[in-house]
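# Notes for the structure review
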Amino acid sequence: MILRLTPRGLRLGTTTYPCSIGRGGIRTDKAEGDGATPTGTHRIAELWYRADRIAKPSPWARAIGPADLWCDAPDHPDYNHHVTAPFPASHERLRRADPLYDLILTLNWNWPDATPHKGSAIFLHQWRRPRFPTEGCLALRRDHLHALARHLKPGTRIRIS
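In this report, the structure presented in the accompanying data block is examined. Here the structure is a predicted model, which is why all the values come from computation and not from measurement.

Taken together, the side chains of R4, R11, R43, R157 and R159 make up a positively charged region of the molecular surface. Among the structural elements, R11 can be located in strand β2 (residues 9-12). Given the relative accessible area of 34%, R11 is considered partly exposed.

What follows is about the pairing of strand β13 (residues 123-126). Relative to β13, strand β12 (residues 103-107) is paired through 2 bridges, and the arrangement is antiparallel. Within the sheet, the bridge partner assigned to T106 lies in β13 and is F123. Here β13 runs beside strand β14 (residues 138-140); their pairing, made up of 3 bridges, is parallel. Following the sheet pairing, Q126 is matched in β14 by L140.

Here we come to the pattern of salt bridges. Applying the stated rule across the entire model yields 11 salt bridges. As a salt-bridge pair, R27 and D29 come within 2.8 Å of each other at their nearest N and O atoms.

Let us look at the sheet that holds strand β9 (residues 68-71). Taken in spatial order, the 3 strands of this open sheet run β10-β9-β11, and their pairing is antiparallel. The open sheet is flanked by β10 (82-84) and β11 (91-93), the only strands paired with a single partner. Sheet twist, expressed as the average angle between the axes of neighbouring strands with direction ignored, equals 40°. As paired elements, β9 and β11 share 3 bridges and run antiparallel to each other. In the strand pairing of β11, W70 is matched with E92.

With that settled, consider the packing of aromatic side chains. In this structure the tally under the stated criterion is 2 aromatic pairs. On the basis of an interplanar angle of 80° and a centroid distance of 5.5 Å, the ring pair of Y101 and F123 is categorised as edge-to-face. On the criterion of sequence distance, the pair formed by Y101 in the loop between β11 and β12 and F123 in strand β13 is long-range, its members being 22 residues apart. Every member of this aromatic cluster is reached through a ring pair, and the members are W70, Y101 and F123.

A85 connects to P86 through a cis peptide bond whose omega is 0°. Looking at the element boundaries, P86 is found in the loop between β10 and β11. A cis amide bond links W111 with the next residue in sequence, P112, at an omega value of 10°. When you line up the elements, P112 lands in the loop between β12 and β13. Here the phi dihedral of N110 falls at roughly 50°; this positive angle occurs in a residue that is not glycine. Tracing the backbone shows N110 in the loop between β12 and β13. Phi is positive for H117, which is not a glycine, with a value near 75°. Topologically, H117 is positioned in the loop between β12 and β13.

Cut-offs used in this document
In this numbering scheme, every chain counts its residues from 1 along its sequence in written order. Only residues with pLDDT of 70 or above have their local features reported here, since the model is predicted, and side-chain atom pairs are shown and tallied only from 80 upward, although totals for entire chains, interfaces and linings are computed over all residues. Side-chain measures here rest on the full set of heavy atoms in the structure, leaving out hydrogens and waters. Like charges are joined within 9 Å and nonpolar side chains (Val, Leu, Ile, Met, Phe, Trp, Tyr) within 5 Å, but only among residues with over 30% relative accessible area and no salt bridge; these make up the patches. Exposure was quantified through the Shrake-Rupley algorithm and a 1.4 Å probe, taking into account, for residues, occlusion by the shown protein chains and nothing else. By salt bridge we mean one thing: a side-chain nitrogen of Lys or Arg within 4 Å of a carboxyl oxygen of Asp or Glu. For the purpose of charge, His is not counted, nor are the chain termini; Lys and Arg are scored as positive and Asp and Glu as negative. In plain terms, the charge of a residue is placed at NZ if it is Lys, CZ if Arg, CG if Asp and CD if Glu. Comment: elements are numbered from the N terminus, with helices defined as DSSP H or I runs of at least four residues and strands as E runs of at least two. Exposure is judged per residue with a 1.4 Å probe applied to protein chains only, and the accessible area is read against the type maximum: over 50% gives exposed, under 20% gives buried, and values in between give partly exposed. Strand pairing is assigned whenever DSSP detects at least two bridges linking the two strands. Angular values range over 0 to 180 degrees, each being the angle between N-to-C directions of two axes fitted as lines to C-alpha atoms, with helices fitted over their stretch in contact. Any two rings among Phe, Tyr and Trp, with Trp reduced to its six-membered ring, count as a pair given centres within 6.5 Å; such a pair is stacked if its planes are under 30 degrees apart, edge-to-face if over 60, and tilted if neither.

Take a look at the structure:
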């Protein structure tokens, strides 16, 4: 199974899901903070969900707790990895007040062996509104994201070109 990002959205088989990309567009030379979505064939590595808000979408999903963070500090040894609070370096909270991260599929971009400054945390998550750009992630309508999460498995490929 492979998902492909097309100008119309994220395509799986004959179905195309409207999709947001990074504010920096699609780039071959992704860097930390550029807001770009990286080209290439990426694989789904993990599935995270807010157990206090939604049902477990798949047996391999991990619940997001209050202490769950993602390190985005390029010079830290935990760069582009899940960490827990308290954490002194720059990070992003996975448990947000808004619903954008109620369900997250993490891609293997620059993971698990992260190269400093190459970019962190490319997620597939819920969009803010149709086609509103992300910080580099792919974002879908809530119902589309949930439908995909129920069927996708670790290692599923996403082709971005």
